[in-house]
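Structure assessment
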Amino acid sequence: MAHYSRIEDTVPGKPMAMTANWISDQRSGYKASQNRFPRTLICFSALLSLVMFIAIAVVVCMQLKQGSVSWEEAEEPSATPHRLVCYYSTLDADVDADALSLLDVPGDLCTHINIGIASLDMPRCGWVHDCGRCCRTRRCFRAAHPQVKLLLWIGGADSGTQFARMVAIHAMRKKFLRSLKALLRLYPALDGIDLDWEFPSAYDKDRQHLSQLLYEIRQEWRRERRPNALLSLAVAAPEGIAFYAYDTREINLYADYVNLMAYDFHFYRKDTPFTGLNAPLYAHATDMSIMATFNINYTVHWWLQNGLEPHRLVVGLPTYGHSFTLVSPLNHRIGAPASGYGQCGQYGYTTLSQTCECAARYLKPIYSYDTETCSPYLSGLQEWISYENQTSIACKPSFIKSLNPGGVMVFSLNTDDLRNSCRFRATSEGDHKPIFPLTQAVKGILDGEGTLRER
Ligand SMILES: *[C@@H]1O[C@H](CO)[C@@H](O)[C@H](O)[C@H]1NC(C)=O
Ligand SMILES: *[C@@H]1O[C@H](CO)[C@@H](O)[C@H](O)[C@H]1NC(C)=O
């Protein structure tokens, strides 16, 4: 669906949403170029040294048995740790303000961390380098707690054609499975993988091939005796994409759960040149026809009505926002005419820290809150930003919990208020560790009265 094309258009190397670090190279990798394949493996290996170090830290430093909590245990009613899946991207601290060390992620924050982005062909290893550097010190792994599941996040916003090419041909899928096997063997700290194909199309039997890939991964893991390995899928929320892209029956059979990307419902595009909310809980009064389907409630219901088992549904929430340039500062409603991305952030994506830093520079920022959709937005002269704060991010899971799904996902740890720019933490506390006010707020709701999955 055209709605997502803008995201896929964004420039590689851009830090946010699903676009980070994906470098597409038509010539390499799974196009079966024989002499390039070993290089691909080397790249993957370099990436996963991060994960291996975590394994070492977990096993050696924390002196715990390498066996980790299995899902059967994890879902016992008494334990009730419902999933809080967090996306985390390894970025270069020198060039990227959203860079974050895994070391700084509290071990009790997320139940699952999807580390990425690993690309299918990985023609360059630039960012692998950086994570190698960060991981040289043992301090890095203090954040690694044995109960946290670590998944390799494969794909990303520009992964469409690579995935399509790989899944379509039996030999390519086998090659993918072989490299996966090598990786999991080399880095036992990995609990599984998250496939982020954006998105299978309505053509070329993409949907069928995706199901085939899921099946083959499971078969392979059965042969390798990995009954607890996790296989998750990041999936599109809008029904216009999801209808063609996924076979929920097959997903129920082979995937542990899906991470529903219930965000990016509105952002600046030439064909939708008006302001809108990134992740509205419900349709807004001004949303007509198809726009009224671009919200969390509608898409979550769509997935459930189309057969996805509720306990496999992990509903994604954003920590980032979208900025717009208003045509007129006087019209700053939801649905007001916009002429482009805002100045704040990059390509219209703003981390929460950036949002608060921008707002602090505006002369008289106007803060608004749309109670109907649990969404704050702010404007300052021509700038308009849809974002999340602790109120909105707590409001949404409260609704989600009522549907009793398999958990909540957050995209991403990097785009939370790492720099404490929103002053959610008293500055007197002094330490400069990144904080995760939004992710913490989601965790608070999940931990609060009434568990997400009561059984
Ligand atoms: C939520 O979605 C369902 C299914 O589409 C719909 O019936 C219901 O009216 C929606 N709730 C709100 C408050 O919009
Ligand atoms: C979230 O934003 C709204 C609108 O500005 C505000 O009323 C609310 O207090 C904010 N929540 C927090 C926790 O700051």
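I will try to describe carefully the structure that is included in this document. Treat the numbers as computed from the prediction; the structure is a model and nothing was measured. Counting restarts for each chain, with residues numbered from 1 along the sequence as it is written. Labels are handed out in written order, letters beginning with A for the chains and numbers beginning with 1 for the ligands. Local features are withheld for residues below a pLDDT of 70 in this predicted model, meaning they are given only at 70 or higher, and side-chain atom pairs are given and counted only at 80 or more; totals for whole chains, interfaces and linings count all residues.

The local shell around ligand 1 consists of Y282, A283, N297, Y298 and H301. Classification used: nonpolar for Ala, Val, Leu, Ile, Met, Phe, Trp, Tyr, Cys and Pro, charged for Asp, Glu, Lys and Arg, polar for all others including Gly. Along the lines of polarity and charge, the residues of the shell around ligand 1 split into three nonpolar, two polar and no charged. Residues are classed as near a molecule or strand if the C-beta position derived from their backbone is within 6 Å of it.

Around ligand 2, the structure places Y367, Y369, P376, N389, Q390 and T391. Every helix listed is a DSSP run of H or I at least four residues long, and every strand listed is a run of E at least two residues long, numbered separately from the N terminus. For the shell around ligand 2, the elements supplying multiple residues, two or more each, are β11 (366–370) and α12 (390–402).

Turning our attention to helix α7 (residues 206–223). Since the α-helix turns once every 3.6 residues, residues separated by three or four places project in the same direction. Taking 1.5 Å of rise per residue, the 18 residues of α7 would be expected to cover 26 Å, and the 26 Å separating its terminal C-alpha atoms lies within 8% of that figure. Counting other C-beta atoms within 10 Å of a residue's C-beta gives its exposure: the residue is buried at 20 or more, exposed at 12 or fewer, and partly exposed in between, where C-beta atoms are placed from the backbone. The set of residues buried in α7 consists of D206, L210, S211, L213, L214, I217 and W221. On an axial view of α7, the arc spanned by its buried residues comes to 155 degrees, and they lie on one face. In α7, those exposed residues whose orientation departs by more than 90 degrees from the buried face are Q219, R222 and R223. On the buried face of α7, the contacting elements are α5 (160–168), α6 (170–186), β4 (192–197), β5 (230–236), α8 (239–245) and α9 (248–254). Backbone geometry just downstream of α7 places R225 in the positive-phi region, at approximately 55 degrees. Multiply 1.5 Å by the residue count of a helix minus one, and that product is the helix's expected span. An arc is given here, and it is the one of the directions from the helix axis to the C-beta atoms. Throughout, a residue-residue contact means that the two C-beta atoms, derived from backbone geometry, are no farther apart than 7 Å.

Once that is clear, we can look at the pairing of strand β13 (residues 383–386). The two faces of a sheet get side chains in turn, since along a regular strand they alternate between them. Judged by which residues are buried, β13 turns out to be covered on both faces: E383 and I385 on one side and W384 and S386 on the other are all buried. A pair of strands is considered paired only if DSSP assigns at least 2 bridges between the two. Pairing of strand β8 (residues 321–326) with β13 involves four bridges; the strand directions are antiparallel. Residue pairing in the sheet places T325 in a bridge with E383 of β13. Note: strand β12 (residues 375–380) against β13, four bridges, orientation antiparallel. Its bridge partner being in β13, Y377 is matched across the sheet by S386.

All right, on to the sheet that holds strand β14 (residues 407–411) then. If you trace the eight strands once around the closed barrel, you get β1-β2-β3-β4-β5-β6-β7-β14, paired in parallel fashion. This sheet shows a mean twist of 25 degrees between the axes of neighbouring strands, independent of strand direction. Alignment of strand β2 (residues 112–118) against strand β3 (residues 149–156), held across five bridges, turns out to be parallel. Residue I113 lies in a different strand from β3, and its bridge partner there is L150. For helices, the axis comes from a line fit to the C-alpha atoms of the stretch in contact; other axes are also lines fit to C-alpha atoms, and the angle between any two N-to-C directions lies between 0 and 180 degrees.

To count as a nonpolar core, a set of buried Ala, Val, Leu, Ile, Met, Phe, Trp, Tyr and Cys residues must be joined through C-beta atoms within 7 Å. In this structure, V258, L260, A262, V315, V408 and V442 are the most contacted members of the largest nonpolar core, which totals 108 residues. Leave out the neighbours within four places in its chain, and A262 touches A237, A279, I296, T299, V300, V315, G316 and L317.

Our focus in this paragraph is the environment of L152. Considering the arrangement of structural elements, one finds L152 in strand β3. With 36 residues separating them along the chain, L152 and G116 place their C-alpha atoms 6.1 Å apart. Residues within four places of L152 in sequence aside, it is in contact with I115, G116, A118, L190 and I193.

Another point: the pairing of β5. When you tally the buried positions in β5, you get six out of seven residues, the bulk of the element. A crossover gets the label right-handed when its path from the first strand over the helix to the second runs clockwise, viewed with the strands pointing away from the viewer. This β-α-β element, β4 to α7 to β5, shows right-handed connectivity. Examined bridge by bridge, β5 and strand β6 (residues 257–261) share five bridges and lie parallel to one another. Bridge pairing in β6 places L233 opposite V258.

Each pair of packed helices can be summarised by the angle the axes make with each other and by the distance between the axes. Contact pair α6 / α7: the axes reach a minimum separation of 11 Å and the direction vectors enclose 40 degrees. One finds that α6 runs oblique with respect to α7. Read as a crossing pair, α6 and α7 show a hand that is right-handed. Across from R173, L177 and K181 in α6, the residues of α7 making contact are L213, E216, I217 and E220. For the contact of α6 with α7, a count of residues per class yields three nonpolar, no polar and four charged. Each angle receives one of four descriptions, namely roughly parallel if under 35 degrees, roughly antiparallel if over 145, roughly perpendicular if within 65 to 115, and oblique otherwise. Whether a crossing is left-handed or right-handed is set by the direction in which the near helix is turned from the far one by less than a right angle, anticlockwise for left-handed and clockwise for right-handed.

With that settled, the discussion passes to α6. Compared with an ideal rise of 1.5 Å per residue, which puts 17 residues at 24 Å, α6 spans 24 Å between its outermost C-alpha atoms and is within 8% of the ideal. Within α6 the residues assigned to the buried category are F176, L180 and L184. Buried residues of α6, seen end-on, are gathered within an arc of 65 degrees and therefore sit on one face of the element. Projecting away from the buried face of α6 at angles above 90 degrees are the exposed residues A171, K174 and R185. For α6, the elements touching its buried residues are α5 and β4.

Considering the arrangement of structural elements, one finds N114 in strand β2. Between the alpha carbons of N114 and S412 there is a distance of 9.6 Å; along the sequence they are 298 residues apart. In this structure N114 touches V85, Y87, Y88, L151, W153 and D194, once residues within four positions along its chain are discounted.

Turning to unusual backbone geometry, a few remarks are in order. A cis amide bond links G116 with the next residue in sequence, I117, at an omega value of 5 degrees. Position of I117 among the secondary structure elements: in strand β2. Look at the link from F411 to S412: it is a cis peptide, with omega at -5 degrees. Topologically, S412 is positioned in the loop between β14 and α13 (437–447). Even without a glycine there, the phi angle at S289 is positive, about 40 degrees. Topologically, S289 is positioned in the loop between β6 and α10 (296–305). Using a count of 6 C-beta atoms within 10 Å as the deciding quantity, one classes S289 as exposed.

Nothing here speaks to function; it is geometry throughout.
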